[in-house]
Each structure stands twice: as C-alpha cells, then as structure tokens.
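Each chain is listed here by its residues.
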Amino acid sequence: MEHATVVVSGTKIAQEISSNRSEVWRLIQQLRGLGVDVAGQPATGYQLRSVPDLLLPEILRSLLRGTIFDEHIHHFYKIGSTNTAAMGAAAEGAPEGSVFLAEEQTAGRGRGANSWQSQRSTGIYCSVILRPALPPSEILALSLAAGLAVRAAIDQVDARVTADLKWPNDVLIGGKKVCGILTEMNAEATRVRYIVVGIGLNVNQPTFPKELGATSLRLVTGSEWSRVELVGALLKSLDREYRQLVDDPDARESILLRFAESSTWVQGKKVRIDENGSAFEGTTEGLDSRGFLRVQTPHGMQTVLSGTVRER
Ligand code: BTN
C-alpha cells in the first residue's frame, strides 16, 4: 500500500516481512484470490495496481491505529443486521470499541419500525459497541455527536460536499437523506451498560426509488467514493467525539453548539412532528440543554423527545 504504483522486488518484500521469496509469492497469490490486483511475478517484482474496496479488518486496522476501534474489527460479507449482531455480542461481553461491518445486510434496521436498504458493497453498514461511564440521559448527545462525525468524515474526504444534520440523526445532502444512525442501548436507570451506534451511509448507490427521498455520495458528486477511506475517516472522527464526551465535562455543550451550527433544522424551520401516533406543527427553537429539539407551537413550547421531524 505504501508503494502502490511502484514495482517492488520479491526480495525486498521478503526482507520487509522477514520471510523468503517463495512465501511472498504464496501471499501474492492469496491476495489475488481476494481480488487485489497485483501485476508481476517473482522474476520481475510486483506492482500493486488496485485493492478492492472491501471493508476488510486487515486494511482498516492500520488506518484506525491509536483509536478505540483498531482491535476488534468484525467483517461480514452478508449478515441480517450489524446492530443486531453488535447488541448480541455486547450482551455476551464484547469489549468497547468492537466494530461490526457488513458488505450487505439482509435485515437492516432503521429507527422505529423502518428497515434500511443495504445492497452489497455500495454503502457503509457499520455498528460499534461503546461502554461509556455515563448516565442514559447523556446518550442523546453521543448520538448527535455520531452525526457530527459522519458530517466531518464526508467533508474530510471531499470538502466540496457539505452535509446538513436533521435532528436527531439524519444526515442530508441537498435535502435528501444520505445517512441514518440508529443508537441502541442497554441501561439501568442511572447507568449505561452498553451502547451500539449503527451507521448506514449511502456511498456508491447508482439510484434510489424516488419515494425514499434518499441519495448517495456518488449521486451527489458524480464519481465513486472509497468506502475504506470513508470508514477510516468516520471511525477516527467518532473516536475523537466519543473520547471528548467521556473525558471532558464541557463536551456536551460543544456537541450541541456544533450540531446547531451544522443543521438548518434546529432553528427557525417550519416543521411537522410525528410522535407516538400523534402529530403537531410549529417552528424549531433550538435544542434544550440535554439535546432535545424545542418547537414553538400555537399552544406553547413543545420538546420533541423521539419524534420524526418533517419540513412543512
Ligand atoms: C435510520 O435512519 O432510520 C437509521 C438507519 C440505521 C441503519 C444502520 S446500517 C448499520 C446498522 N445496522 C442496522 O441494522 N441498522 C444500522
């Protein structure tokens, strides 16, 4: 990876991995079997032409070195739901920082009773396990921070793309949804046992059914994105947000401020809120100190705890 377009001799590679040329040849054959495009042979040396954009732990581990996500990375070609897998693993004691990535989900879950479309190797379907020493009331801030992390990752990979955040957890571009976040937890009244943050990011999907109101980064920019690069940027950014929230008593305030700055929905937006089977309309009036959305209605100020927000 460090000498991607250069021809490197088998002897040099063998020295670097403290092995011999025939072992290098065997490993090159193995990489080719995984879809890595390596030109050359023992006599001429090897040239790395391209790596497949698979979210393989072997590739991600080095990108994530120094974060809480660099050790326990699980990759699935096909799975029901990475959130379900992560919640199950967390219940069995899987450590904080465990990452579950899938190329394809057959039962991807969204907020409420929604499902999440998860076609093979086009999007990022990622869930992480966290075990913060925080009360459940702080978890909304963590969930909002995950949206900030997604926004920062997109900006880092292509600064021309600016995403909007819709409370609590949607990431939009041009008014269409590009990412959804499902945060689930197991908690006592005063203590969180574990949290799973599940992120579904539309990356290289070529189309979406119109009624979904969704888009992908490829549809927005007209070119393919590297999912490996994006997951790397995303988990690094999430690591920073999470450490701050856990370590710094002022972090919640900073998250709420940055969320409000990054969202056209938090202030002065005319909205309709669907919550627990009923609906009301009003104009957004910022976030309260815990991160809930305030909406001014004809009948007074309402605080949205879990509803769906739509523009009216
Ligand atoms: C939403 O906007 O409704 C949230 C969607 C969350 C989807 C992600 S994809 C990875 C993880 N696994 C799931 O089953 N859901 C989340």
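Scope of this entry: the structure provided in the associated data block. If you're wondering where the values come from, they're calculated on a predicted model, not measured in any experiment.

Points about helix α5 (residues 139-157)
In an α-helix there are 3.6 residues to a turn, and that puts residues three or four apart on one side. In this model, α5 (19 residues) spans 27 Å end to end at C-alpha, consistent with the 27 Å of a helix rising 1.5 Å per residue. Within α5, 14 of the 19 residues are buried, which leaves the element mostly enclosed by the surrounding structure.

Re the pairing of strand β8 (residues 170-173)
It is a general feature of regular strands that their side chains alternate between the two faces of the sheet. Burial of β8 is two-sided: the residues D170 and L172 facing one way and the residues V171 and I173 facing the other way are all buried. Alignment of strand β7 (residues 164-166) against β8, held across 3 bridges, turns out to be antiparallel. Opposite K166, over in β8, you have D170 as the bridge partner. Taken together, the 4 bridges between β8 and strand β9 (residues 176-187) define a ladder with antiparallel strand orientation. Bridging from a neighbouring strand, I173 pairs with K176 of β9.

Digging into the nonpolar core
In terms of nonpolar packing, the biggest core is built from 66 residues, with V128, V150, I154, W167, L201, L217 and L235 touching the most fellow members. Sort the elements by how many residues they give to this core and α5 lands first, with 12 residues. Beyond its immediate chain neighbours, meaning those up to four positions away, V128 contacts F69, S98, V99, I195, V196, V197, L235 and L238. Core analysis: the second largest hydrophobic core is formed by 9 residues, A86, A90, F100 and V196 among them.

Description of the packing of helix α7 (residues 227-247) against helix α8 (residues 251-261)
The contact between α7 and α8 brings their axes to 8 Å, and the two run at 135°. The pairing of α7 with α8 is recorded here as oblique in orientation. On the side of α7, the interface is formed by E241, Q244 and L245, while α8 contributes A251, R252, I255 and R258. Grouping the constituent residues of the contact of α7 with α8 by class yields 3 nonpolar, 1 polar and 3 charged.

Some remarks on the site of the ligand
Within the structure, the ligand sits among 20 residues, and S81, Q105, R109, R111 and K177 are positioned closest to it. Between the ligand and the protein, one listed contact pairs a nitrogen atom with a side-chain N or O atom of Q105 at 2.9 Å. R109 is positioned such that a nitrogen or oxygen atom in its backbone is 2.7 Å from a nitrogen atom of the ligand. Starting from 420 Å² of accessible surface for the ligand in isolation, the protein chains cover 98%. Broken down by secondary-structure element, the contributors of at least two residues to the shell around the ligand are α4 (82-91), β6 (123-130), β9 and β10 (192-202). Residue contributions to the shell around the ligand peak at 4 residues, all from β9. Its residues placed into classes, the shell around the ligand shows 6 nonpolar, 10 polar and 4 charged.

Let's talk about α8
Turning to α8, its buried residues number three or more, namely A251, I255, L256 and F259. One side of α8 holds all its buried residues, which, seen down the axis, span an arc of 135°. The exposed residues of α8 that point more than 90 degrees off its buried face are E253, L257 and E261. In this fold, the buried residues of α8 make contact with α5, β7, α7 and β12 (278-287).

Calculation rules
- Residues numbered from 1 in each chain as written.
- Predicted model: local features only at pLDDT ≥ 70, side-chain atom pairs only at ≥ 80, totals over all residues.
- Heavy atoms only, no water.
- Helix = DSSP H or I, 4+ residues; strand = E, 2+ residues; numbered from the N terminus.
- Expected span 1.5 Å × (residues − 1).
- Buried < 20%, exposed > 50% of the residue type's maximum accessible area, 1.4 Å probe, protein only.
- Pairing = 2+ DSSP bridges.
- Core = buried A, V, L, I, M, F, W, Y, C linked by side-chain atoms within 4.5 Å.
- Contact = heavy atoms within 4.5 Å.
- Axes fitted to C-alpha atoms, helices over the stretch in contact; angles between N-to-C directions.
- Parallel < 35°, antiparallel > 145°, perpendicular 65-115°, else oblique.
- Nonpolar A, V, L, I, M, F, W, Y, C, P; charged D, E, K, R; others polar.
- Near = heavy atom within 4 Å.
- Polar contact = N/O pair within 3.5 Å; in protein donor to acceptor, adjacent residues only side chain to side chain.
- Areas by Shrake-Rupley, 256 points an atom, 1.4 Å probe, with all protein chains shown as cover.
- Arc of directions from axis to C-beta.

The analysis is restricted to geometry; functional conclusions fall outside its scope.
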